Protein chains: 2
Amino acid sequence: MTGLRSSQVADAAGVNLQTLRYYERRGLLAEPERSLGGHRLYPAEAVTVLKVIKAAQRLGFTLDEVAELLDTAGHRHGRRDAGLQERSKAKLAEVEAKIADLQVIASTLRAAVEAGCDDLVACAGRPCCPIPFATIAPGAPDADSR
Amino acid sequence: MTGLRSSQVADAAGVNLQTLRYYERRGLLAEPERSLGGHRLYPAEAVTVLKVIKAAQRLGFTLDEVAELLDTAGHRHGRRDAGLQERSKAKLAEVEAKIADLQVIASTLRAAVEAGCDDLVACAGRPCCPIPFATIAPGAPDADSR
DNA sequence: GGTAAGCCTGTACCCGAGTACCGGATGCAA
DNA sequence: TTGCATCCGGTACTCGGGTACAGGCTTACC
């Protein structure tokens, strides 16, 4: 009947205490056992799950996506509906697109630094400015989300 | 006394009408002239400023940073306090760090796809999993902000 | 049994960058 | 002068991922 208390789990996973309950509300973390007085008692696996969540977030998945991932992983009996495999591939493509996008941005910044321009508005008026105002903005409006 | 109306400016810059007023509130866009009835009448430069804002955002600057940039650019008389030059260099470093970070993420995802792992939680338990749960999470907690 | 630390629920707030909606006033052309 | 499009200010809401606080109960140790 013993288990880890919430603060132990939070500390072990390097996560705020409130975050545990937030994840529970969001359905990412299963509701744990309770003590007689109502305190949460987590199994040791909870720490693993938290680490997995954090790693997945770091890999670019949103909490909703992580929830789905954990969900399909859990009761994957028979048919497999676009599991980790497919989603990882898709996410990889997203990340690669974002890298490409940031590389455009980096080279633009580099050009701006090298050209020595120092006043954006003044610069934008004349064609000597290396910053492609027209083309840079509509580039990838949602490549920035996530 | 004539000038562009707000919707004309918004359309020309490819921006929502509300965004104009939002930028005005945030101090990014100077308060324009008004008609007798109180309608805003913008000079043509406003469109340029908006495009600059959008480009700068795209380059990774936050609206606060853009505001500062426009501010220092405006009344730069005598001393120059870390102008576009310095900030661009710093931002370039940030962007490069972010690219490096995303490359780690991409290669991790690639490894996960190649290893064919399909259940994060089960995988995390055994050492065959290519995902470095311990090291990936605390990698760069703020490289993700912006 | 006392006391302090820890945990409970619920609610509200934070960040950044907008967007939406409301009732009322204005601009402009016919 | 009438009518419709546009604009006004103000407020509230969105999204994603948490964080903070208040007031009260539980647990653990002495």
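Note that the structure is a prediction, hence the values are computed from the model and not measured.

J.: Which parts of the structure should I look at to understand the protein's contact with DNA strand C?
T.: Neighbouring DNA strand C are 21 residues; A:R21, A:R40, B:T19, B:S35 and B:Q57 lie closest to it. Counting only atoms of DNA strand C within 4 Å of the protein, the sugar-phosphate share comes to 75%. Interatomic distance of 2.9 Å between a side-chain N/O atom of A:R34 and a phosphate oxygen of DNA strand C. Contacts to DNA strand C include B:T19, whose side-chain N or O atom sits 2.6 Å from a phosphate oxygen. Among the secondary structure elements, those contributing two or more residues to the surface near DNA strand C are α1 (6-13) of chain A together with α2 (17-26) and α3 (45-58) of chain B. When residues of the surface near DNA strand C are assigned to their parent elements, the largest contribution, four residues, is made by α2(B). Class assignment for the residues of the surface near DNA strand C results in three nonpolar, twelve polar and six charged.

J.: Explain the protein's contact with DNA strand D to me, please; I cannot follow it from the model alone.
T.: Around DNA strand D, the surrounding shell holds 22 residues, and the nearest of these are A:T19, A:S35, A:Q57, B:S7 and B:R40. Each atom of DNA strand D within 4 Å of the protein was assigned to sugar, phosphate or base; sugar and phosphate come to 81%. Contact between DNA strand D and A:Y23: a phosphate oxygen at 2.9 Å from a side-chain N or O atom of the residue. In this structure, a base nitrogen belonging to DNA strand D sits 3.1 Å away from a side-chain N or O atom of B:R21. Elements that contribute at least two residues to the surface near DNA strand D include exactly α2 (17-26) and α3 (45-58) of chain A together with α1 (6-13) of chain B.

J.: Looking at this structure, I do not really get α2(B). What am I missing?
T.: Each turn of an α-helix holds 3.6 residues, which means side chains three or four residues apart point in the same direction. Residue and element names in this part refer to chain B. Buried residues of α2: T19, L20, Y23 and E24, and no others. Here the buried residues of α2 occupy an arc of 140° about the axis, which is enough to place them on one side. Of the residues in α2, the exposed ones pointing more than 90 degrees away from the buried face are Q18 and R25. Count one or two residues on from α2 and you reach G27, which has phi positive near 85°.

J.: Where do I start with the packing of aromatic side chains in this structure?
T.: By convention here, two paired aromatic rings are described through the distance between centres and the angle between planes. As enumerated under the stated definition, the model contains two aromatic pairs over all chains in all. The interplanar angle of 40° and the centroid separation of 6.0 Å between the aromatic rings of B:Y22 and B:Y23 together place this pair among those described as tilted.

J.: Can you help me understand the confidence of the model for chain A in this one?
T.: Fine structural detail should not be taken from predicted coordinates in areas where pLDDT scores are low. All names here are of chain A. Of all residues in chain A, 71% attain a pLDDT of 70 or more, and the chain-wide mean is 79. Of all the helices and strands in chain A, helix α7 (residues 133-136) carries the lowest mean pLDDT, 60, while strand β2 (residues 40-41) carries the highest, 98. Across residues 137-146 the pLDDT falls below 50, and counting only partners more than four positions away or on other chains, this stretch makes 16 contacts in the model.

J.: Would you take a moment to explain the pattern of salt bridges for this structure?
T.: A side chain with one charge can pair with a side chain of the opposite charge if their charged atoms come near. All names here are of chain A. Tallied over the full model, the rule gives 16 salt bridges over all chains. Note that R40 and E24 form a salt bridge whose closest N and O atoms lie 2.9 Å from each other. One end of the pair, R40, is in strand β2; the other, E24, is in helix α2, with 16 residues separating them in the sequence. What makes E24 buried here is its relative accessible area of 13%. Bridged by salt links that share partners, the residues E65, K91 and E94 form one connected network.

J.: Sorry if this is basic, but what is going on with the UniProt feature "coiled-coil region" (unreviewed entry) in chain A here?
T.: As annotated in UniProt, the feature "coiled-coil region" (unreviewed entry) corresponds to residues 85-112 of chain A in the numbering used here. Across residues 85-112 of chain A, the secondary structure splits into 100% helix and 0% strand, with the terminal C-alpha atoms separated by 41 Å.

J.: So what exactly am I meant to see when it comes to the environment of A:R5 here?
T.: Residues and elements named next belong to chain A. Note on placement: R5 falls in the segment before α1. According to the relative accessible area criterion, R5 is partly exposed, its value standing at 47%. Counting along the chain gives 35 residues from R5 to R40, while the straight-line C-alpha distance between them is 6.2 Å. In contact with R5, not counting residues within four places along its chain, are H39, R40 and Y42.

Criteria and thresholds
- Residues numbered from 1 in each chain as written.
- Chains lettered and ligands numbered in written order.
- Predicted model: local features only at pLDDT ≥ 70, side-chain atom pairs only at ≥ 80, totals over all residues.
- Heavy atoms only, no water.
- Near = heavy atom within 4 Å.
- Polar contact = N/O pair within 3.5 Å; in protein donor to acceptor, adjacent residues only side chain to side chain.
- Helix = DSSP H or I, 4+ residues; strand = E, 2+ residues; numbered from the N terminus.
- Nonpolar A, V, L, I, M, F, W, Y, C, P; charged D, E, K, R; others polar.
- Buried < 20%, exposed > 50% of the residue type's maximum accessible area, 1.4 Å probe, protein only.
- Arc of directions from axis to C-beta.
- Phe/Tyr/Trp six-rings, centres within 6.5 Å; stacked < 30°, edge-to-face > 60°.
- pLDDT = per-residue confidence, 0-100.
- Contact = heavy atoms within 4.5 Å.
- Salt bridge = Lys/Arg side-chain N within 4 Å of Asp/Glu carboxyl O.
- UniProt positions renumbered as here; feature names shortened; annotations may be inferred.

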